[in-house]
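Coordinate analysis (summary)
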Amino acid sequence: MNYSKKIMMSDEKAMRTSNTNRVFKTGTLLTLALTLMTTTAFAAERLRGTVSVDGSSTVFPISEAVAEEFSAVQPRVRVTVGVSGTGGGFKKFLAGEIDINDASRPIKESELEIAQSSDQKFLELPVAFDGLSVVVNPGNTWVDHFSVAELRKIWQPGSSVKNWSDIRADWPEEPIRLYGPGTDSGTFDYFTQTINGASGASRPDYTANEDDNALVRGISGDEYALGYFGFAYYAANKDKLKIVPIDGGNGPVAPSEMTINNGEYAPLSRPVFIYVRESALLRPEVRAFVDFYIDNAGLLASEVGYIALPDMAYERAKSRIAQNDTGSAYSDNDLLSSRDLLKP
């Protein structure tokens, strides 16, 4: 099977079937590994039905890759993968409109209360690590790194930063044009909580879009642009963007597979999730898809630019599925420490 590495999405938020082509670095070895890892009971049984996935644009590339590979095993099961942002996805999820929500942050207390009040049960499954990436245009020759304090100065509510020179005096006296995810995005929630101290706390005068590819286009076409999104979208567009190292207190560190995995890229490393409706798991096609997802998430996450979790984390996820262990292990925890729950 041939693929292109580039992450592609339309500007629409509507659901769509997965049809993006990618190139696997490991070629036939990865295909073989996926085949061997498929749950044999479900592979032997030809299932029918539909599985609906929506939510985070950050998690979208992983779910899209899983859906495409799953279709080779179960061609009669139609998997739709949409993008409406983590918050938008949870709205659909809690309204019973979708089976699975992609989420780039843990479920919020307000969302959990809705689920509890309507007696909706779900399984929370971490699937990969991401390093939220701050990027500028390749023509930007002055930015070498940002401190967390500088990011806060730029993005906090009421920020007075209008020109690059407002950040550092020796930078150009040119307007800084900001790009970032919309307010329904889990990436927005994570960034604002981590950098500004409160989820949703952000200056409003920036170009917002739930489609990270639209953000890539905007930043790559504007020399004075600055923005942020998930690492996979930088990894797929390295020729169009310049990554900015972040100083979290121990010197500037750029996101990479190594620095995200070992926690050196702080404080912008995070786990990403899928949330599965308990009632949906009773349908064989959904259970088969979720089992396939967890079996192959590490391989496919790495392929599309994210970082695989430790093997122990996937084993825990399998155990939660087998035991129907519902509820959230993350909602009561600070986003900055939720990563620690995944350690072996």
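Anything mentioned here points back to the structure above.
1. Notes on the environment of Pro-271
By the secondary structure assignment, Pro-271 is in strand β14 (residues 269–277). Placed 168 residues apart in sequence, Pro-271 and Ala-103 show a C-alpha to C-alpha distance of 9.5 Å.

2. Observations regarding the packing of aromatic side chains
Taken as a whole and assessed by the stated rule, the structure comprises 18 aromatic pairs. Judged by centre distance (5.6 Å) and plane angle (65°), the rings of Phe-70 and Phe-292 are edge-to-face. Taken together, the residues Phe-70 in helix α3 (residues 60–73) and Phe-292 in helix α11 (residues 284–303) connect sequence positions 222 residues apart. For the pair shown, Phe-70 and Phe-292 are each scored as buried. Judged by centre distance (5.4 Å) and plane angle (75°), the ring pair of Trp-155 and Tyr-206 falls under edge-to-face. Of this pair, Trp-155 sits in helix α6 (residues 148–155) while Tyr-206 sits in the loop between α7 (186–196) and β9 (207–208), placing them 51 residues apart in sequence.

3. Side note on the environment of Tyr-265
Within the secondary structure layout, Tyr-265 lies in the loop between α10 (257–261) and β14. Those residues in contact with Tyr-265, other than ones at most four positions away along the chain, are Gly-131, Leu-132, Ser-133, Val-134, Ile-246, Val-253, Ala-254, Pro-255, Thr-259 and Ile-260. A polar side-chain atom of Tyr-265 sits 2.7 Å from the main-chain carbonyl oxygen of Leu-132.

4. Quick word on the packing of α6 against α7
Working note: a packed helix pair is described by the angle between its axes plus the distance between those axes. Running from N to C, α6 and α7 point in directions that differ by 115°, and their axes come no closer than 9 Å. Judged by the twist between their axes, the crossing of α6 over α7 is left-handed. Together, Val-148, Leu-151, Arg-152 and Trp-155 of α6 and Phe-191, Ile-195 and Asn-196 of α7 make up the contact between the two elements. When the residues that make up the contact of α6 with α7 are grouped by side-chain class, the tally is five nonpolar, one polar and one charged.

5. A closer look at the sheet that holds strand β12 (residues 246–247)
With respect to topology, three strands assemble into an open sheet ordered β7-β12-β13, the strand pairing being mixed. Every other strand in the sheet has two partners, leaving β7 (146–147) and β13 (252–253) as the edge strands with one partner each.

6. Concerning the sheet that holds strand β6 (residues 133–136)
Here five strands make up an open sheet; going across it, the order is β9-β8-β10-β6-β11 and the pairing mixed. Across the chains shown, the open sheet's two edge strands, defined by having one partner strand only, are β9 and β11 (242–243). Pairing of strand β8 (residues 177–180) with strand β10 (residues 225–229), which is carried by three bridges, proceeds in the parallel orientation. What sits directly across from Leu-178, in β10, is Leu-226. Across the sheet, helix α8 (residues 212–220) touches β6, β8, β9 and β10, and the angle it forms with β10 is around 160°.

Scoring rules and cut-offs
- Residues numbered from 1 in each chain as written.
- Predicted model: local features only at pLDDT ≥ 70, side-chain atom pairs only at ≥ 80, totals over all residues.
- Heavy atoms only, no water.
- Helix = DSSP H or I, 4+ residues; strand = E, 2+ residues; numbered from the N terminus.
- Phe/Tyr/Trp six-rings, centres within 6.5 Å; stacked < 30°, edge-to-face > 60°.
- Buried < 20%, exposed > 50% of the residue type's maximum accessible area, 1.4 Å probe, protein only.
- Contact = heavy atoms within 4.5 Å.
- Polar contact = N/O pair within 3.5 Å; in protein donor to acceptor, adjacent residues only side chain to side chain.
- Axes fitted to C-alpha atoms, helices over the stretch in contact; angles between N-to-C directions.
- Left-handed = near helix turned anticlockwise from the far one by under 90°.
- Nonpolar A, V, L, I, M, F, W, Y, C, P; charged D, E, K, R; others polar.
- Pairing = 2+ DSSP bridges.

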